[in-house]
Amino acid sequence: IHKIEKMTGRKTRKVPEFMKKQVELLMDMLMFETGLFLTEFPQVYNQEFAYPLDYQCYGFHNLEDFCFHGLQGSAEMDLDGFSWKLVPVGYKRSSMSGQPTEIPPDVKQNIKKLLSENPFGLSGPSFQRRYESCFGQLNLRQWRCKDFVELCCLVP
């Protein structure tokens, strides 16, 4: 089988048990009890075990593919806002994490003010540029919004 794999260039897409155990050790650490963002996973793995996480050598296309399909039974994936996290098996998200975050009153007021100043409306990107020039930059992810239009929909 190994000769066939070498000749065809295909890999088995099987993660060695020692690597699964290492990931389980990471997930058992107190600092990662609520998960580890995928963007940080390769760096943390390299720091803890002193060698890079080379998922491509096992035949996985990208990090998400490796975590979803290669680490089954050792860790699970959880979507936190707009980012994937690697979490311990059986991880239970707190009941509040799925709830929309409350938009601060000053942000609501600023949006309402811009809407009243532009009675014929603005396009989404124009509205965002105008908001940022008048009131400053907004971090949409902290309110779990993918874009400015979604944020405006949360303002009654």
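Notes on the structure in this doc start here. Here the structure is a predicted model, which means the values were calculated and not measured. Each chain has its residues counted from 1, following the order in which its sequence is written. Given that the model is predicted, a residue must reach a pLDDT of at least 70 before its local features are reported, and side-chain atom pairs must reach 80 or more before they are shown or counted; all residues, however, enter totals for whole chains, interfaces and linings. Think of the side-chain values as coming from all heavy atoms in the structure, minus any hydrogens and water.

Concerning the overall build of the protein
Filter applied, for reference: Segments assigned H or I by DSSP are reported as helices when at least four residues long, segments assigned E as strands when at least two residues long, and all are numbered from the N terminus. Using a 1.4 Å probe on the protein chains alone, a residue whose accessible area is under 20% of its type maximum counts as buried, one over 50% counts as exposed, and one in between counts as partly exposed.
Secondary structure assignment for the protein yields seven helices and three strands. In the protein, the succession of helices and strands from N to C terminus is α-α-β-α-α-β-β-α-α-α. Among the 156 residues that make up the protein, the fraction classed as buried is 33%.

Topic: the pattern of salt bridges
As a reminder, the rule being used: The rule for a salt bridge is simple: a side-chain nitrogen of Lys or Arg has to be within 4 Å of a carboxyl oxygen of Asp or Glu.
Inspection of every chain in the model, using the stated rule, returns three salt bridges. The partner of Asp-65 in a salt bridge is Arg-13, with the nearest N and O atoms 2.7 Å apart. With a gap of 52 residues between them, Asp-65 in helix α4 (residues 63-70) and Arg-13 in the loop between α1 (2-8) and α2 (17-28) connect regions that are remote in the sequence. Two residues, Lys-21 and Glu-24, come together in a salt bridge whose shortest N-O distance is 3.8 Å.

Details of the side chain of Asn-110
Applied cut-off: Note on contacts: a residue pair qualifies if any of its non-hydrogen atoms lie within 4.5 Å across the two residues.
Along the chain, Asn-110 turns up in helix α5 (residues 105-117). Not counting the four nearest positions on each side in its chain, Asn-110 is found in contact with Tyr-131 and Phe-135.

Thoughts on the environment of Thr-12
Examined against the element boundaries, Thr-12 turns out to sit in the loop between α1 and α2. The spatial distance from the C-alpha of Thr-12 to the C-alpha of Gly-59 is 6.3 Å, given a sequence separation of 47 residues.

Thoughts on the sheet that holds strand β3 (residues 83-87)
Selection criterion: Only strands that DSSP links by at least two bridges are regarded as paired with each other.
On the basis of which strands lie adjacent, the open sheet formed by three strands has the order β1-β3-β2 and antiparallel pairing. Two strands close off the open sheet at either side, each with one partner strand: β1 (36-37) and β2 (76-80). Pairing analysis gives two bridges linking β1 to β3, with the strands arranged antiparallel. Pairing of Leu-36 across the sheet is with Leu-86, part of β3.

Some points on a nonpolar patch on the surface
Where we set the bar: Residues enter patches when their relative accessible area tops 30% and they take part in no salt bridge; the joining distance is 9 Å for like charges and 5 Å for the nonpolar side chains Val, Leu, Ile, Met, Phe, Trp and Tyr. Each accessible area is a Shrake-Rupley estimate made with a 1.4 Å probe; only the visible protein chains count as cover when residues are assessed.
Residues Phe-68, Leu-79 and Trp-84 make up a contiguous nonpolar surface patch of about 250 Å² in total accessible area. Within the element layout of this structure, Trp-84 appears in strand β3.

What to know about the pairing of β2
Judged from the five bridges that link them, β2 and β3 form a sheet pairing that is antiparallel. Counted as the bridge partner of Asp-78 is Lys-85 from β3. Linking β2 to β3, which pair antiparallel, is a turn of two residues; within it Gly-81 sits at a positive phi near 70°.

Some remarks on α2
Short version of the rule: Expected span of a helix, by definition, is 1.5 Å for each gap between consecutive residues, and there is one gap fewer than residues. By arc we mean the arc of the directions from the helix axis to the C-beta atoms, nothing more.
When the terminal C-alpha atoms of α2 are compared, their 16 Å separation across twelve residues agrees well with the 16 Å that a helix rising 1.5 Å per residue should span. If you check which residues of α2 are buried, you get Met-19, Lys-20, Gln-22, Val-23, Leu-26 and Met-27. For α2, the angular spread of the buried residues around the axis is 155°, confining them to a single face. Seen from the buried face of α2, the exposed residues on the opposite side, beyond 90 degrees, are Leu-25 and Asp-28. Summarising the contacts, the buried residues of α2 are in contact with β1, α3 (41-49), α4 and β3.

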